Amino acid sequence: MKGYREYFLNKLLWFLVTFVCAFILNFILPRLMPGDPVAGIVSHIAQGMTNTTGVQAIYQQYADLFGTNRPIIEQFFIYMRNVFHGDFGFSFSQYPRTVAETLKSAIWWTIGLQFPAIIVGWLIGNVLGALAAYLKKGFDNLLMPISIFLSNFPTFGMAIILLVIFGVGLKWFPTSGGYGFDLIPTFTWKFIWTVITHYQMPFWSIVLIAIGGQAIGMRSMSIYELNADYVKYSRFLGIKDRKIVGYVFRNAMLPQVTGLALSIGTMVGGALVAEIIFSYPGLGTTLLHGILGQDYPLISASSLIITMMVLVSMFLIEILYGVIDPRIKAAQSE
Amino acid sequence: MKRTTFLLSVVLALSMLLAACQPAPTPAPAATEAPTAAPTAAPTPSAAEIAGSLPRNETMYFNGEQWNPVVCWNPYASNCNNAMTIAQQDSARVTMFETPYVYNMLDGKVYPLLADGPFAWDAGLTKITFKLKATAHWSDGTPVTAEDVAYTWATHLKYNDATGASNKDYIADIVATDALTVVVKAKLDSATGKALNPLVVAAYLSSNYVNQKAWTQTLEARAGGDATKFLADKAEDVVYSGPYHYFYVDDTKVVLIRDDNYWGKDASMFGKLPTPKYLAHTIFKDNAAGSVALAQGEVDVSQQFNSNIQVLWVNYALPVSTYLPAAPYGIGASLPTAFYNPNSYGLDQPAVRKAIAMAVDYPTIIANAMTNQSATFDQVPRSLMNPTPGEQALYDHAAVASLQWAGNDIAGAMALLDAAGITDTNGDGWREYNGQTLHYVATCPNGWSDWQAAIEVVAAAGKKIGIDITSNYPEWGVYQTVVTSWKALSTTQGYDIFMMWSDGAGPTQPWSRIRHLLSSEFAKTETNWNGNWSGYANPDADKLIKEIPTLTDPAKIKAAYTELVRIYLTDVPSFTLMYRPQAFHAVNESVWTGFPHQDDGSKPPIPPLDCIDGWSIACLYNVHLVTP
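Residues numbered from 1 in each chain as written. Chains lettered and ligands numbered in written order. Predicted model: local features only at pLDDT ≥ 70, side-chain atom pairs only at ≥ 80, totals over all residues.

1. A look at the overall build of chain B
When you go through chain B residue by residue, the secondary structure sums to 20 helices and 24 strands. Computed over C-alpha atoms, the radius of gyration of chain B comes to 26 Å, within 12% of the 25 Å expected from 2.2 N^0.38 for 628 residues, which places it in the range of a compact globule. By principal-axis analysis of the C-alpha atoms, chain B measures approximately 80 × 80 × 50 Å. In chain B, which comprises 628 residues, the share counted as buried stands at 54%. When contacts within chain B are restricted to residue pairs at least 6 apart in sequence, those whose partners lie at least 24 apart make up 68%. (Helix = DSSP H or I, 4+ residues; strand = E, 2+ residues; numbered from the N terminus. Rg over C-alpha atoms; globule rule 2.2 N^0.38 Å. Buried ≥ 20, exposed ≤ 12 C-beta atoms within 10 Å, placed from the backbone. Contact = placed C-beta atoms within 7 Å.)

Next up, the structure:
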């Protein structure tokens, strides 16, 4: 138990150090981008304005409001104070909306799309990869080329193919939006059904790509484990094949679990391609517009959330590793 | 684990299959639709009360206006991103908020909306007087008064918002002389005693909303006198005078609902309510998604660039149409322009500037960048005017014919350079000016595909005449920072040739466009969102630009504009690359018909501005169901 506590505290310390560094970088990096965000905001307002003094007055108002004309160190301390009070400030690109409001309106669409897609893609891909390694021959010969094809397929290409075939051609699924274009969200079967139909193509465009990559990874790890000495030794001992396979896949799963944690951690970054091709609501395009519009508060908040989710999921995985595989804990505690 | 995966897969596959078996979400066939109920003064239903569904035969769908979620309903704010209701511009959007007059880009006139009859300047050209309609009232039932107009202006000034900052140099005050009479006092020229700029003063009346005084005071009380809070207020309780108002918004759509108590149904205005009960705008993520929805009948009115729009009716026989039946499909209004940076070596030479402009293959730009949704320079010779008949009549075509060019004139461009002594002296294939090779980078923002296509053609033109032009596409965030700063343009990082926009059609045009292209008041300034990014300065042009708004003799006005065109085509500080419509306007007539088309017999003609801007709002009273 003492070894495990040391392992836990060691991990916690490193994750805290990483968080502090990430927090500082989250603030600094967006502000290192060339360009002036206030000029971009003024560009929308100034069109049609008739005089230079008026435009300059508007520019000054927004520079004062967003604090972009203050020294960067002062901006950092204001940002830090506000963040610790849970206030990410106004979104530059969607002012007078706050960052919290902007994220809140889009994040549920993103989680609703990304989380099931990641889990399903991961589960199907790993099962198929493990089966290919175990069954070999015909199944492997069929699965491998398909997996390589799918995993190397550009996401936008898959999305467009689904759109053209199932949306435009066969008209099985709607081509855009999160729900029926002629509906207002209400808790009715009609509305729920359109949410399901609109969900299908963005969902499968992510899942199909994920399946291929996961299957290849799992297959390689499983083949490696199946040929490991402990497997051969177990067979000599006469341990049942079913039992051995259980050990094999538990060991082969470790890197895949890390990959899963990273995917879940970064999922709030949004499924940009699916969102654009299918005009599906979500954080991906919100964040893209934020980056293009140099919306520092929105970028910093989004990347901070992603950072925290990755750190938390990685931390949990590391702790879980200590339980799953005592060798890791032992090695780390030395 | 395997069992769980299998079950999950089966459930998802089944849901996909079931979804596929469901009828495709095509618009309801018009033949089965019930007739539109006659508008009544029934209370407005809430979003929940209509059971979550917008009746197709009562809803008109739009795209291309709204690209991000609505953030507020405050008519004093400039960044509500509320494209279906707030746009104080040349042809102001008058769905929810209204202006005293509305502009018609087709005939160049303004028509009374809240106002009663035409406005009048006094003999000394110092003030405008107009009356409000006695029948006009706010959504809370109280009348629209002259005091509302005066208080709106005072509020713009008090909080120095975009309208106040933009007009305070020209408007001295707006006062109410009785309940319905408004006097707009112009700032006067100390030398002449007349309005400094009568055009801008008059344009205020068709470009800016009248807001209710009582509601404005409520907003002020809520903001506690803080200008930032005042302009950032979401104003969900706003009182309005227009025919539509807030119904539902989220990240995917905006829906407005008709106010059946709208004052405009009075015989003094439209005599009836607008036909669609709901105006809905789906928020698409890009043009491609919007085009697919237009083709599928999920959009009735499209204000976005639909590439090769004619394919929809020529190849697919869809009931889609544009204002004009053939290319250029719409009415060009603005002039996307390439600007020269005179700080770049050799671009201070008019011969170089004009030679590049003459060599550009404009038909290719128009075909590639605009898929022929622009008039060519053979059809509408270049000047400073847009293609509308009103502006074209404002200059003497014959007087400047020898200066105009339609493009692809490689021989002419090379001759011009040769005559100026700008030749290839070292035999490397590129021309030199005073021994230095002419090399430029043509730039526009990344992702602006029509502009990028144009820039590529400009680069190709340079190569044809021995000037090395390459292209560069920085992100908009970087691009706008450089272009709007003369300091940045003066450094080695400054762009050589770059694209920006020009004004469209409006009550101050073409004067305002010309001012923004040529006036030295914007030259070499910082935070320059107005224009003249080439830093051009010509006292003769400045004099004419200052003079034109005060001229009343049509012959003198025409002579002044002709001279400005002559100056522009001679000095070429920038050059027009294409004509672009004020708003793209394509309609799918599967459900609604009666949209504006050329020669549709409407009097006054209804402009193709998506049925929501300026006089084009009249379209909403003309449309009817394909199958009632």
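2. Overview of the domain arrangement of chain B
All names here are of chain B. Assigned domains within chain B: domain 1 (52-67 + 243-329 + 583-625), domain 2 (101-216) and domain 3 (332-581). Opposite the twelve residues of domain 1 that make contact, domain 2 presents twelve residues. Looking at the side of domain 1 that touches domain 2 residue by residue, the class counts come to seven nonpolar, three polar and two charged. (Domains from an automatic or database assignment. Nonpolar A, V, L, I, M, F, W, Y, C, P; charged D, E, K, R; others polar.)

3. Section: the interface of chain A and chain B
The interface of chain A with chain B comprises 65 residues on the first partner and 65 residues on the second. If you list the elements that add at least two residues to the side of chain A that touches chain B, you get helix H2 (37-46), helix H3 (52-66), helix H5 (99-135), helix H8 (189-226), helix H11 (272-277) and helix H12 (283-292) of chain A. A per-class count over the side of chain A that touches chain B returns 33 nonpolar, 26 polar and six charged.

4. Considering the pairing of strand E5 (residues 127-132) of chain B
Residue and element names in this part refer to chain B. With five of six residues buried, E5 is to be regarded as a mostly interior element. Note: strand E4 (residues 115-121) against E5, four bridges, orientation antiparallel. Along E5, the bridge assignment pairs Trp121 with Ile128. A loop of five residues connects E4 with E5, the two strands running antiparallel in sequence, and Leu125 in this loop sits at a positive phi of about 55°. (Pairing = 2+ DSSP bridges.)

5. Quick notes on the domain arrangement of chain A
All names here are of chain A. The domains assigned to chain A are domain 1 (1-93 + 294-334) and domain 2 (102-292). Placing a centre on the C-alpha atoms of domain 1 and another on those of domain 2 gives a separation of 28 Å. Taken together, the 15 residues of domain 1 in the interface contact 17 residues of domain 2.

6. A word on the packing of H12 of chain A against helix H13 (residues 296-324) of chain A
Residues and elements named next belong to chain A. In contact at an axis separation of 8 Å, H12 and H13 are set at 135° when each is read in the N-to-C sense. As summarised for this structure, H12 and H13 are arranged oblique, according to the angle between their axes. Here H12 runs over H13; the crossing is left-handed. The segment H12 lies against H13, with Leu283, Leu287, Gly290 and Ile291 engaging Leu298, Ile299 and Ser302. (Axes fitted to C-alpha atoms, helices over the stretch in contact; angles between N-to-C directions. Parallel < 35°, antiparallel > 145°, perpendicular 65-115°, else oblique. Left-handed = near helix turned anticlockwise from the far one by under 90°.)

7. Considering the nonpolar core
In this structure, Val201, Val255, Leu256 and Ile617 of chain B are the most contacted members of the largest nonpolar core, which totals 117 residues. The residues contacting Leu256 of chain B, other than those within four sequence positions of it, are Met84, Thr85, Thr95, Met96, Tyr244, His245, Tyr246, Phe247, Tyr278 and Leu279 of chain B. (Core = buried A, V, L, I, M, F, W, Y, C linked by C-beta atoms within 7 Å.)

8. What to know about the sheet that holds strand E17 (residues 439-443) of chain B
All names here are of chain B. In space, the five strands of this open sheet follow the order E18-E17-E19-E14-E20, with mixed pairing throughout. The open sheet is flanked by strand E18 (468-472) and strand E20 (574-576), the only strands paired with a single partner. Strand-to-strand twist across the sheet, computed as the mean angle between neighbouring axes with direction ignored, equals 25°. Bridging between E17 and strand E19 (residues 497-500) involves two bridges; their strand directions are parallel. Across the sheet, residue Ala442 finds its bridge partner in E19, namely Ile497. Strand contacts of helix H14 (residues 449-464): strand E14 (337-340), E17, E18 and E19, with the helix running at about 165° to E18, the strand carrying the most contacts.

9. Some words on the environment of Tyr204 of chain B
On the secondary structure map, Tyr204 of chain B appears in helix H4 (residues 198-207). If we skip the residues at most four places from it in the chain, Tyr204 of chain B touches Asn167, Ile171 and Val184 of chain B.

10. Overview of the packing of helix H18 (residues 539-547) of chain B against helix H19 (residues 554-571) of chain B
All names here are of chain B. Two numbers describe how H18 lies on H19: the axes approach to 10 Å, and their chain directions differ by 150°. In terms of axis orientation, H18 runs roughly antiparallel to H19. For the crossing formed where H18 meets H19, the hand is left-handed. For the pair formed by H18 and H19, the contact residues are Asp540, Ala541, Leu544 and Glu547 on the first element and Ala560, Glu563, Leu564 and Ile567 on the second. Residues that form the contact of H18 with H19 fall into these classes: five nonpolar, no polar and three charged.

11. Side note on unusual backbone geometry
Of note, the amide linkage connecting Tyr95 of chain A to Pro96 of chain A takes the cis form, showing an omega dihedral of 15°. Take Pro96 of chain A: it is sitting in the loop between helix H4 (72-84) and H5. Omega for the peptide link from Ala327 of chain B to Pro328 of chain B comes to 10°, which places this bond in the cis form. Turning to its location among the elements, Pro328 of chain B is positioned in the loop between strand E12 (320-322) and strand E13 (332-334). A positive phi angle is found at Ala235 of chain B, which is not glycine, with a value near 55°. By the element assignment, Ala235 of chain B lies in the loop between helix H6 (227-232) and strand E8 (244-249). On the basis of neighbour counts, which here come to 22 C-beta atoms within 10 Å, the residue Ala235 of chain B falls in the buried class.

12. Focus on the sheet that holds E5 of chain B
All names here are of chain B. Taking strand neighbours across the sheet as the criterion, the four strands line up as E4-E5-E7-E6 in an open arrangement whose pairing is antiparallel. The open sheet has two edge strands, E4 and strand E6 (171-176), and neither has a second partner. This sheet shows a mean twist of 15° between the axes of neighbouring strands, independent of strand direction. As defined by bridge partners, E5 adjoins strand E7 (residues 181-186) across five bridges and the pair is classed as antiparallel. Within E7, the position partnered with Ile128 by the bridge is Val184. Helix-sheet contacts for helix H2 (residues 146-159) involve E5, E6 and E7, and the interaxial angle to E6 is about 150°. On top of the sheet, H4 reaches E4, E5, E6 and E7; it is set at about 150° to E7, its chief contact.

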